[in-house]
Amino acid sequence: MDSTPSPSSSSPFDMVSSALGRYIPRGGAAAAAGPAKAQGDRATRQRVPDNPAADRQDQILGVVNVDRDLRITRSNLDAPVFAGLDAVAGSPFADLLPAGDVPTVTRRLRQVLEIGEAHVARIQRLRRGDGSELVVSLSILPAAAPQEGLTVSVIAMARRLHLYAAETAIGTSLDIGETAQSLAESLLAWGDVAAVDLDFAVWTGEGVTEQAQGRIRLRRAALVPDRAWPEGYVTPGGDLPIDASRLLAQAVRRNDAPQAIVIPDREAVERLLGSQRVIRALVPGDMSASVACVPLVLDGTPPVVLGLAEVWRRADRPFRDSELFDLQELVARTAHHVDLARQHQREHTQVLALQRRLLPRTGGHTIEIASVYQPATPDSAGVGGDWVNSFPLPDGRTALVVGDVVGHGLGAAATMGQLSMEARALLSAGLAPDEVLEHLDETVTLLDDAESGLAAGYSALGSTCCIALYDPVSRHVTLSSAGHLPPVLVHPDGHAGPLAVRPHPGLGAEFALREPFDVHTFDAPPGSLLALYTDGLVEDPALPIDEGIGRLADAVSTVHPWDALQQAAQHVVSTLAPVRQRDDVTLLLARMIGYRKGDTATWRLPARDDAPARARAHVSALLRQWHTRSDTQDDVALLVSELVTNAVRFAAGPITIRLIRAGGHGLLCEVGDTGNGRPRLSRGGLLDDGGRGLHIVHRLTTRWGVRWTDTGKVVWAEVAR
């Protein structure tokens, strides 16, 4: 290796090299300058210790100088620990790095060149010529003069220091795959290949009990370094053969207690594994001769084995007892991180199942629905409380609901489920959107009590919700919002923009801050597209929220009427959602279709005694035009007569009659009046005159109900055709 000294004694390279020279000769420089020069250099240095070979074994510091093109100009990596690192003058520094680390380290090098600020003590892997890797602490130092490039100092990680650094790194993620990967990368300090195999139940978050140990099934969770592996070798995501899983499980259990073992040579490995199929699955290559297997043990009575870590070495590097002790200590320290990740995985799976259970299933013949839900990345705070729902109401309208419950995890998911189901029940009962939000507001306030809440200490105050009801006959949408971001409406001509919804503090606000929930009504002709979403789709720390909503409007405006709506929704989310999602992303697209004009009819009659007869005449004539069966015509005429009679008798003002041919589902009859009394089916006596009309309605229909309007009520009833 070339280590020609610099004329400038103040450069970082020379300062590090002079420190190295106090312990070992710079063999590269001495060899280049010849014996005389080497003797002269040694005369000016401090005394070389009596046992240089021992000190060379302890030496962990090295230095590399690179120019502005990031090519090596000189180096001092003479310590034995750096054997195999080919720091050849003129070669790119990237040649010393694993392929996956090249972009990151190159970016750091160029940043130091441009800014002049050092990057100090970053844990990094260096690649030896044989493909193995060395874990070092890497510091990037700017030169005194910019044209001199950079000095990179490397410190081979001491075992005890590496234990601390590894445990710190492993505990930074709640994703079980990333946790296993961090453990495997840390284990590379003890070998050439490291793998982490987890019990399949641990991988899926289910957990392992002592009864399951005899039927262990292992899945490879992590493997380093990242390179091409022999055919048949198990890589991350693959399951180990049953025989291999059983052998490994038996190998690490002695006297019913999990213990670390070392298989010292290739002959012993092949003798233990037996079949060639198992050898191909477990042995990473011809160079691998010995292996240390350390179980990941969860303390308990009895202890539970979560999986095991494997560290492979070449034949010329046998495991020492002290190294096996270090491996056991590292795995023991980090096994609880694996279990924490497992618990997070289980909670993540449960919450995600609840989220997906609440997603809209399908639309109807009057509206087309598509929805996309993407949970936050697994290593974030957990699955959030975003929810979206769409369902047909009994009176023919369609409800569109989106909400965002504060927080993450089971508490948020439980509250989300309760609010979603409550909203559905209230909307199905005929309440208007603003009335439903009033009930949800009260529910969130009650759930804030830690003792009566769904999760101890969890608060849903500040959650948001938006409810929209689409009437396919009038082709209007009625909407109310509780602090939620405004929906985006795309008109049939392609013009798109957010609806003008008045801001609101959200659900569960303090009493002094509470405001009434406004009701907004707007036209939604056939071909209109309505987008409801949560903030995870449009929020970007670098952009104002209005700009994010504008980007969403631009994206949905490109959806053509003939595009498949589900694919369009997925495309919008993939375009806008960040790669690393810190929050859930939810999108609901609703394409309005409505009823054809020939499928509906409306009559408005004065509340007089002749109103039932006139209603029967109008309805009978229309049913004949629709070629309805004669028995259905009689039933519908009698039904409308009874409903109009009740309206004349108990209400005042004009009466509105609406008849809808609801696709293949039947006929929907609606009678509206200005009364506010709720019709109730009662158990009347044999001679009672009152209440018989509703009994007739009940027998003639498949279902019936009431919804309230600003001017009174509407009684609706469905009749099978």
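Along each chain, numbering runs from 1 in the same order as the chain's sequence is written. For a predicted model such as this one, the threshold for reporting local features is a pLDDT of at least 70, and the threshold for listing and counting side-chain atom pairs is 80 or more; totals across whole chains, interfaces and linings nevertheless cover every residue. As a rule here, side-chain values cover all heavy atoms of the structure and leave hydrogens and water aside.

Our focus in this paragraph is the overall build of the protein. Here a helix means four or more residues in a row that DSSP labels H or I, a strand means two or more in a row labelled E, and each is numbered from the N terminus. Assigned secondary structure in the protein consists of 19 helices and 27 strands. Residue exposure (1.4 Å probe, protein chains only): buried if accessible area is under 20% of the type maximum, exposed if over 50%, otherwise partly exposed. Burial status across the protein gives 51% buried among its 721 residues. Contacts between residues were defined by any pair of non-hydrogen atoms, one from each residue, lying within 4.5 Å. Sequence-distant contacts, at least 24 apart, represent 66% of the contacts inside the protein between residues at least 6 apart. For the protein, the accessible area works out to roughly 33300 Å², and carbon and sulfur atoms hold 52% of it. Each accessible area is a Shrake-Rupley estimate made with a 1.4 Å probe; only the visible protein chains count as cover when residues are assessed.

The subject of this paragraph is the nonpolar core. The definition of a nonpolar core used throughout is a set of buried Ala, Val, Leu, Ile, Met, Phe, Trp, Tyr and Cys residues joined through side-chain atoms within 4.5 Å. Grouped together as the largest cluster of nonpolar side chains are 32 residues, with contacts concentrated most on L183, L187, V196, L198, L296 and L327. Taken together, the elements giving at least two residues each to this core come down to α7 (176–187), β6 (193–199), β7 (218–224), β11 (290–298), β12 (304–313) and α12 (321–357). Among all residues touching L296, those that are not within four sequence positions of it are L183, V304, V305, L306, G307, L308, A309, V331, A335 and V338. Membership of the second largest hydrophobic core comes to 29 residues, among which are L623, W626, V715 and A717.

Right, let's get into the packing of aromatic side chains. Only the six-membered ring of Trp is used, alongside the rings of Phe and Tyr, when aromatic pairs are assigned; centres must lie within 6.5 Å, and planes under 30 degrees apart are stacked while those over 60 apart are edge-to-face, with the rest tilted. Under the counting rule described, the total for this entry stands at one aromatic pair. Consider the rings of W229 and Y233, whose centres lie 5.3 Å apart with planes at 40 degrees: the pair is tilted. Note on accessibility: W229 and Y233 belong to one class, buried. If you follow R217 out to its NZ or CZ, it ends over the ring of F200, 3.8 Å from the centre. Criterion for a charge above a ring: Arg CZ or Lys NZ at most 6 Å from the ring centre, at most 35 degrees from the ring normal. One Lys or Arg, R313, reaches over the ring of F319 and ends 4.4 Å from the middle of that ring.

Moving on: helix α14 (residues 433–447). Given a helix with a known number of residues, its expected span is that number minus one, times 1.5 Å. Its 15 residues place the ends of α14 21 Å apart at the C-alpha level, agreeing with the 21 Å of an ideal helix rising 1.5 Å per residue. Residues P433, D434, V436, L437, L440, D441, T443, V444 and L447 constitute the buried set of α14. The buried residues of α14 occupy an angular sector of 170 degrees when projected down its axis, which confines them to one face. Of all possible arcs, the one meant is that of the directions from the helix axis to the C-beta atoms.

A word on the pairing of strand β21 (residues 529–533). By the criterion of burial, β21 is predominantly enclosed, with five of the five residues buried. Of the two faces of β21, the one holding L529, A531 and Y533 and the one holding L530 and L532 are both buried throughout. By the bridge criterion, three bridges tie strand β18 (residues 488–490) to β21 in an arrangement that is antiparallel. Paired with L489 across the strands is L530, a residue of β21. In this sheet, strand β22 (residues 585–592) lies alongside β21 in antiparallel orientation, the contact comprising five bridges. Residue pairing in the sheet places L532 in a bridge with L588 of β22. Here, any two strands with at least 2 DSSP bridges between them count as paired.

Within the secondary structure, G494 is located in the loop between β18 and β19 (496–498). The spacing of G494 and T558 is 64 residues in sequence and 7.7 Å in space, taken between C-alpha atoms.

Spatial ordering of the open sheet is given by β7-β6-β12-β11-β10, a layout of five strands whose pairing is antiparallel. Both edges of this open sheet fall to β7 and β10 (261–263), since each of them pairs with a single strand only. Geometrically, the sheet is characterised by an average inter-axis angle of 20 degrees between neighbouring strands, direction not taken into account. Its contacts with the sheet place α7 against β6, β7, β11 and β12, and it is angled at close to 50 degrees to β7. Geometry is summarised by axes, namely lines fitted to C-alpha atoms with helices restricted to the contacting stretch, and by angles between N-to-C directions that run from 0 to 180 degrees.

We now examine the sheet that holds β19. The strand order across the open sheet built from five strands is β13-β22-β21-β18-β19, with neighbouring strands paired in antiparallel fashion. Lying at the two open borders of the sheet, with one neighbouring strand each, are β13 (367–374) and β19. On average, adjacent strands in this sheet sit at an angle of 15 degrees to one another, irrespective of strand direction. Bridge analysis of β13 against β22 gives eight bridges, and the strand direction is antiparallel. Paired with V372 across the two strands is L587, which belongs to β22. Relative to β18, helix α15 (residues 545–557) is tilted by about 30 degrees, and along the sheet it contacts β18, β19, β21 and β22. Along the sheet face, helix α16 (residues 565–576) touches β13, β21 and β22 and points at about 35 degrees away from the line of β13.

Axis separation between α15 and α16 bottoms out at 10 Å; the angle between their running directions is 145 degrees. Seen from above, α15 lies across α16 with right-handed handedness. Together, R551, L552, A555 and V556 of α15 and V572, T575 and L576 of α16 make up the contact between the two elements. All residues other than Ala, Val, Leu, Ile, Met, Phe, Trp, Tyr, Cys, Pro, Asp, Glu, Lys and Arg, Gly among them, are scored as polar; the first ten of these are nonpolar and the last four charged. Along the lines of polarity and charge, the residues of the contact of α15 with α16 split into five nonpolar, one polar and one charged. Whether a crossing is left-handed or right-handed is set by the direction in which the near helix is turned from the far one by less than a right angle, anticlockwise for left-handed and clockwise for right-handed.

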